[in-house]
Amino acid sequence: MTKTKAFAPAKINLCLHVTGQRADGYHLLDSLVAFAEVGDHLTLTRSEVMQLQVTGPMAQGVPTDGRNLCWKAAKAFGQPAAITLDKHLPAAAGIGGGSSDAAAVLRGMSDLYGTPFGGEALTLGADVPVCMAARAARMEGIGEVLTPLALPRLPAVLVNPRVEVSTPDVFRALASKTNPALEPLPADGADVIAWLRDQRNDLQPPAVALQPVIGDVLQALSACEGTFLARMSGSGATCFAIMASDEAAARAATALGQKHPNWWIAATALS
Ligand code: C5P
């Protein structure tokens, strides 16, 4: 194969409990991760030299050299490629933009060269392993312990107020690093949303303290007609709302966009 396409969906932490800290400073997590229908689109072509071009509505400020996680992923795979990254997700936003892109590069390179990735996805970032399968999973450890899980399709709205939050700063600002793990996962057919309401994102309070506009986003999402649950993803600043229907998600996205033209907003679904 000389050319292939790969999709890098937004990663959403439906809940995220910080349960401890390792000696090396990384935090132990217990998180239920889902993937959205919105994401970045990559094209990979066999090439003698590494090339990276970034296009799309969110391309501004994204590095096109060795600092980009796509480039690092190709390097870790051990082969060059010409990569076009059509960027639709905001960067440094808690929805795994860079991690999902890196995972998509590894999947695409496997297609191109007909060999699986033999390295450790975790070395590219804690969220890269879960993004490799891009399927809902419980994520434990620092991101390497994965248990796949079937989720119903959940209509949703994603909102990013266009502020960047530093992940290390949010972890540092945590009041407690030893919080309870997730409650036993809901059985097949059980009410996932009711279960999710009883879980948390432990990174949400420190992120809101660092960037109060995240609190405004959560309030705006909660106030929409048809919102079942509103919460922040990862270390922020992107928040999601699970909605009663695709129509409710589309209506909420339109209404929020009219009121907050500077926010990044996407009506989508999670699964
Ligand atoms: O692995 P990744 O590059 O995504 O992580 C960014 C930063 O977030 C790390 O350098 C670390 O400070 C923090 N982090 C953490 N515990 C995790 C994941 C990330 O402390 N499980």
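The shown structure was predicted, so the numbers you read here are calculated from the model rather than taken from an experiment. All residue numbers refer to positions counted from 1 along the written sequence of the respective chain. This being a predicted model, a pLDDT of at least 70 is required before a residue's local features are given, and a value of 80 or more before pairs of side-chain atoms are given or counted; all residues contribute to the totals for chains, interfaces and linings.

**Comments concerning the pairing of strand β8 (residues 227-232)**
The test is simple: Pairing between two strands is assigned when DSSP locates at least 2 bridges connecting them. Each helix is a run of H or I in the DSSP string that is no shorter than four residues. Each strand is a run of E no shorter than two, and both are numbered from the N terminus.
By the bridge criterion, five bridges tie β8 to strand β9 (residues 239-243) in an arrangement that is antiparallel. Bridged to A230 within β9 is A241. Once β8 ends, the chain turns through six residues before running back antiparallel as β9, passing G234 with a positive phi of about 55 degrees.

**Overview of the site of the ligand**
The condition that has to hold: Any residue whose backbone-placed C-beta atom lies within 6 Å of a molecule or strand is treated as near that molecule or strand. Classes in brief: Ala, Val, Leu, Ile, Met, Phe, Trp, Tyr, Cys and Pro nonpolar; Asp, Glu, Lys and Arg charged; the others, Gly included, polar.
Neighbouring the ligand are the residues Y26, H27, L29, G125, A126, D127, I142, G143, T167, P168 and F171. Of all elements in the fold, only β2 (27-46) and α4 (167-172) reach the threshold of two or more residues within the shell around the ligand. Ranked by residue count, the leading element in the shell around the ligand is α4, at three residues. Residue classes in the shell around the ligand are distributed as six nonpolar, four polar and one charged.

**Let's talk about helix α1 (residues 69-77)**
Every α-helix carries 3.6 residues per turn, so stepping three or four residues along brings you back to the same face. Threshold: Around each residue's C-beta, the other C-beta atoms within 10 Å are counted; 20 or more make the residue buried, 12 or fewer make it exposed, and counts in between make it partly exposed. All C-beta atoms are placed from the backbone. Once C-beta atoms are placed from the backbone, any two residues with those atoms within 7 Å are in contact.
The buried fraction of α1 is high, at seven of nine residues. Those residues of α1 not exposed but buried are L69, C70, W71, A73, A74, A76 and F77. Residues of α1 that are buried sit in contact with β3 (51-55), β4 (81-86) and α2 (97-113). Among the residues trailing α1, G78 stands out with phi positive, at a value near 95 degrees.

**A short note on the UniProt feature "domain: GHMP kinase N-terminal" (unreviewed entry) in the protein chain**
So the rule is basically this: UniProt positions are given in the numbering used here, feature names are shortened, and annotations may be inferred rather than shown by experiment.
If you check UniProt for "domain: GHMP kinase N-terminal" (unreviewed entry), the listed places come out as residues 68-123 in our numbering. Regarding residues 68-123, the helix share stands at 46% and the strand share at 11%, and the terminal C-alpha atoms are separated by 14 Å.

**Points about the packing of α1 against α2**
Defined as follows: Axis definition: a line fitted to C-alpha atoms, over the contacting stretch in the case of helices. Angles run 0 to 180 degrees between N-to-C directions. Two helices that cross are described as forming a left-handed crossing if the nearer one is turned anticlockwise from the farther one by less than a right angle, and a right-handed crossing if clockwise.
Where α1 meets α2, the closest approach of the two axes is 8 Å, and the angle between their N-to-C directions is 35 degrees. As α1 packs across α2, the resulting crossing turns out to be right-handed. Here L69, C70, K72, A73, A74 and F77 of α1 lie close against α2, whose contacting residues are G98, S99, D101, A102, V105, L106 and M109. Looking at the contact of α1 with α2, its residues break down into nine nonpolar, two polar and two charged.

**Considerations on unusual backbone geometry**
G236 connects to A237 through a cis peptide bond whose omega is 10 degrees. Along the chain, A237 falls in the loop between β8 and β9. The backbone phi angle of A92 is positive, close to 50 degrees, even though this residue is not glycine. Assignment of secondary structure puts A92 in the loop between β4 and α2. Phi angles above zero are rare outside glycine, and A134 is one such case at about 50 degrees. Topologically, A134 is positioned in the loop between α3 (128-133) and β5 (137-141).

**Section: the confidence of the model for the protein chain**
Rules: pLDDT gives the predictor's per-residue confidence on a scale running from 0 to 100.
Confidence in the prediction for the protein chain averages 97 pLDDT; 100% of positions are at 70 or higher. With pTM at 0.97, the complex prediction returns an ipTM value of 0.94.

**Digging into the nonpolar core**
Rules: Buried Ala, Val, Leu, Ile, Met, Phe, Trp, Tyr and Cys residues form a nonpolar core when they are connected through C-beta atoms within 7 Å. Source of the domain bounds: an automatic or database domain assignment.
Residues A73, V105, A156, V157 and A241 are the most contacted members of the largest nonpolar core, which totals 79 residues. Viewed by domain, this core spans two of them, domain 1 (3-145) and domain 2 (151-270), each represented by three or more residues. Discounting chain neighbours no more than four positions away, the residues touching A241 are A156, V157, L221, C224, T227, L229, A230 and A252.

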